Amino acid sequence: MVGPTRSKLKEAASQPLHSSGSVQCRRRRRITGAGEPETEEEPHGEVEKSELPLPVGRRNLPGGARPCSPRRTRNLNAQKCMQIDVVTKALFLRRFQFLSCYLEQLLNKLHVLRRRQFSGRATICIAAFLGLLHWIHLVTLFENDRHFSHLSSLEREMTFRTEMGLYYSYFKTIIEAPSFLEGLWMIMNDRLTEYPLVINTVKRFHLYPEVIIAFWYRTFMGIMNLFGIEAKTCWNVTRVEPLNEVQSCEGLGDPACFYVGVIFILNGIMMGLFFVYGSYLSGTQLGGLITVLCYFFNHGEATRVMWTPPLRESFSYPFLVLQMFVLTMILRTSNSSRKHFAALCLSNVAFMLPWQFAQFILFTQIAALFPMYVVGYIEPNKFRKIIYMNMISVLLCFVLMFGNPMYLSSYYSSSLLMTWLIQGCGWFCGTIILKFLTSKLLGVSDHIRLSDLIAARILRFTDFDTLIYTCAPEFDFMENATPLRYTKTLLLPVVMLVFHTLQLGAFAALAILIMRLKLFLTPHMCVMASLICSRRLFGWLFCRVRFENVIFSLLTVMSLQGCANLHNQWSIIGEFNNLPQEELIQWIQYNTRPDAVFAGAMPIMASVKLSTLHPIVNHPHYEDADLRARTKTVYSVYSRKSAKEVRDKLLELHVNYYILEEAWCVVRTKPGCSMLEIWDVEDPSNAANPPLCSMLLKNERPYFSTVFQNSVYRVLKVN
């Protein structure tokens, strides 16, 4: 900036001064900051050329020049006593030119300082601090909710309900095996989960996170034992009657603490990545801070990792943030390096491996990129490389997941192939047709996917399988209060200004149909909110109003409701206690054979497998067709079928004990979602019969016999 300015000064010194009889001298004040001195501009319009003024001391005036009175008097120390005449005006005009240029340089430096990029080291330090802050936030919320550090090992396992307990059970299997490889072989040849079938649970349940964390745990404990370092501290905890005293251990040496600790560290790193992403997208670190603040202010809408750590999205979503950041870099730069495309491929793999729903999210991404390519916003060569990397990532996942055909029969893989064949509206239709063809060819058309649930929502289609999903609160429509909560923290109004991405629109549609998918919408809105700091988009606004005033006014209004949201989260104080389930688990451990087979509601089955290691016939991972058929048979206890028919079906599954929950006989989360109502839709021929569950609670004989009972659970032996 200095070089060009100096050249302009030299040119100005060599050019004659301009003046005009018809144009008055004008001044203006630059609105660039408080206390900035006024600068003087040359008159505009056509001017007549004149000769250079004579040196100081000569009384000859430049031709055509005439005096001009300023609108306000300046206090110029060096010249305050001089008379304003034509000669001195001509002299100081040149000096004011230099002062104007100098102030222009200073102003430009202030602008650069305000929007300059911090060094890479400073950016990493800020991101690391924010990641640490989010990690502390997650650990605090998790500990406050259930007092996890003071729970016994059994109680900690019981906190992992439904599919969380199922996933954690395989981590427990690997770390308790004689060696890591033996533990890996055990979960790849598992007979306990869907007895008597032998299944590869790594392939079925996407268990790479558990395998990796178990390897880290065994390595960590090996190092600690090698150096004789205690990795955990244990003490006895006295509980209120009638609960007995239990031992509680704390530290990374405890398997449950190590497991959730790794998850919280990963999601802490994700917050640092959000800062980097928001900074890159907006062009300023202030944009990254706005992204982080929006995430914290809407934390309850953005994630549920602090309540349900073992769920698949807890491992998968951080890598989606990385993938979208890398993709943004590729789209922005004209010449992306091979490292960028390699990072895109690897982040795709890391996102897809832990979660079965990840492919549908990437399909929405391709659906957003394809129209941009068609209209010419993306270079053909760059788009081709992006598609290549996505194809390679699908093939890598297919191999790593032992040939899981779901990777080749998804909408995602079909859309990648159709990009080469059809352009325009036919691309979407071709993707759907190709998806169904590949599903039929590979024999996976009977798997429930996210697309099936969305179709059930839109078309109002209901059957037993879709109702089991959609009656769960997390698979319901988005709550009506959610947009209001976004608005109170100004997240929605700010994003509406920059709601120009198709990807955000896709996430919004998914979140409206399935509330669980808010975890994609809310964080992406936080990232897009950083664009309020983008000078490319809002430079016209910052020329009229002060940049700092706009940003800090928005942050002030955001913080009003945002701080209230954080306070509400921090005020959640609880302690886990589930005596009926603890009694059930202990009875099973001490009063049944190790090979006794159990059946029951999906949530309790995961706990039975985790804490007792007994065989079960059904579990909460509901995507597989055979598992859905098994669960339907098990849930017939809550139908109107005859006791004999249900008993015979259970014996075909080799069930020895059935865990009956009285609440399931009558509970109704919303209209049409009680078990009886679901069965009346599925089995209308028996709609006139009395409920079997109520009959078993009164008299279970002769086909069943009660062997254990407490306030919640009743264990029926199948005769």
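Residues numbered from 1 in each chain as written. Predicted model: local features only at pLDDT ≥ 70, side-chain atom pairs only at ≥ 80, totals over all residues. Heavy atoms only, no water.

### Here's the deal with a nonpolar patch on the surface
Part 1 of the reasoning: Judged by side-chain polarity, L132, W135, I136, V139, I265 and I269 come together as a nonpolar surface patch covering roughly 520 Å² of accessible area.
Part 2 of the reasoning: Elements supplying a minimum of two residues to the nonpolar patch: α3 (120-146) and α9 (255-282).
Part 3 of the reasoning: Structurally, I269 is set in helix α9. (Patch = residues over 30% accessible without salt bridge, like charges linked within 9 Å, V, L, I, M, F, W, Y side chains within 5 Å. Areas by Shrake-Rupley, 256 points an atom, 1.4 Å probe, with all protein chains shown as cover. Salt bridge = Lys/Arg side-chain N within 4 Å of Asp/Glu carboxyl O. Helix = DSSP H or I, 4+ residues; strand = E, 2+ residues; numbered from the N terminus.)

### Observations regarding the confidence of the model for the protein chain
The predicted coordinates should not be examined in detail at positions where pLDDT is low.
Part 1 of the reasoning: The predicted model of the protein chain averages 77 in pLDDT, with 70% of residues at 70 or higher.
Part 2 of the reasoning: Low confidence marks residues 490-500, where pLDDT is under 50. Its contacts with residues over four positions away, or in another chain, come to 33 contacts. (pLDDT = per-residue confidence, 0-100. Contact = heavy atoms within 4.5 Å.)

### With respect to the environment of P209
Part 1 of the reasoning: Of note, P209 is situated in helix α8 (residues 208-227).
Part 2 of the reasoning: What makes P209 buried here is its relative accessible area of 9%.
Part 3 of the reasoning: When the C-alpha positions of P209 and F315 are compared, they lie 7.1 Å apart, and in sequence the two are 106 residues distant.
Part 4 of the reasoning: Once you skip the residues sitting within four places of it in the chain, P209 turns out to touch R312, F315 and P354. (Buried < 20%, exposed > 50% of the residue type's maximum accessible area, 1.4 Å probe, protein only.)

### So, the sheet that holds strand β9 (residues 704-709)
Part 1 of the reasoning: Taken in spatial order, the 4 strands of this open sheet run β7-β8-β10-β9, and their pairing is mixed. In this open sheet, the two strands that pair with only one neighbour each are β7 (598-600) and β9. In this sheet, adjacent strand axes meet at a mean angle of 30° when their direction is disregarded.
Part 2 of the reasoning: As paired elements, β7 and strand β8 (residues 657-661) share 3 bridges and run parallel to each other. Paired with A599 across the strands is Y658, a residue of β8.
Part 3 of the reasoning: Helix-sheet contacts for helix α26 (residues 579-591) involve β7, β8, β9 and β10 (713-718), and the interaxial angle to β10 is about 30°.
Part 4 of the reasoning: In this fold helix α27 (residues 602-612) packs onto β7, β8 and β10, with an angle of close to 155° to the strand it touches most, β7. (Pairing = 2+ DSSP bridges. Axes fitted to C-alpha atoms, helices over the stretch in contact; angles between N-to-C directions.)

### Considering the environment of C257
Part 1 of the reasoning: If you trace the backbone, C257 turns up in helix α9.
Part 2 of the reasoning: Ignoring any residue separated from it by four or fewer positions in sequence, one finds C257 in contact with F148, R156, C249 and G251.

### Considerations on empty space enclosed by the protein
Part 1 of the reasoning: Using the criterion set out here, one finds 4 cavities of 30 Å³ or more in the structure.
Part 2 of the reasoning: The space that makes up the second largest cavity amounts to roughly 90 Å³.
Part 3 of the reasoning: Considering the residues around the second largest cavity, the lining is formed by N267, M270, Y295, A302, T303, R304, V305, E313, S314, Y317 and L519.
Part 4 of the reasoning: For the lining of the second largest cavity, the secondary structure elements donating two or more residues are α9 and α12 (312-332).
Part 5 of the reasoning: If you tally residues by element for the lining of the second largest cavity, the top one is α12, at 3 residues. (1 Å grid on protein atoms, 1.4 Å probe; cavity = no way out; pocket = protein on both sides within 12 Å on 5 of 7 lines; lining within 4 Å. Points joined across faces, edges and corners; volume = space filled by probe spheres on them.)

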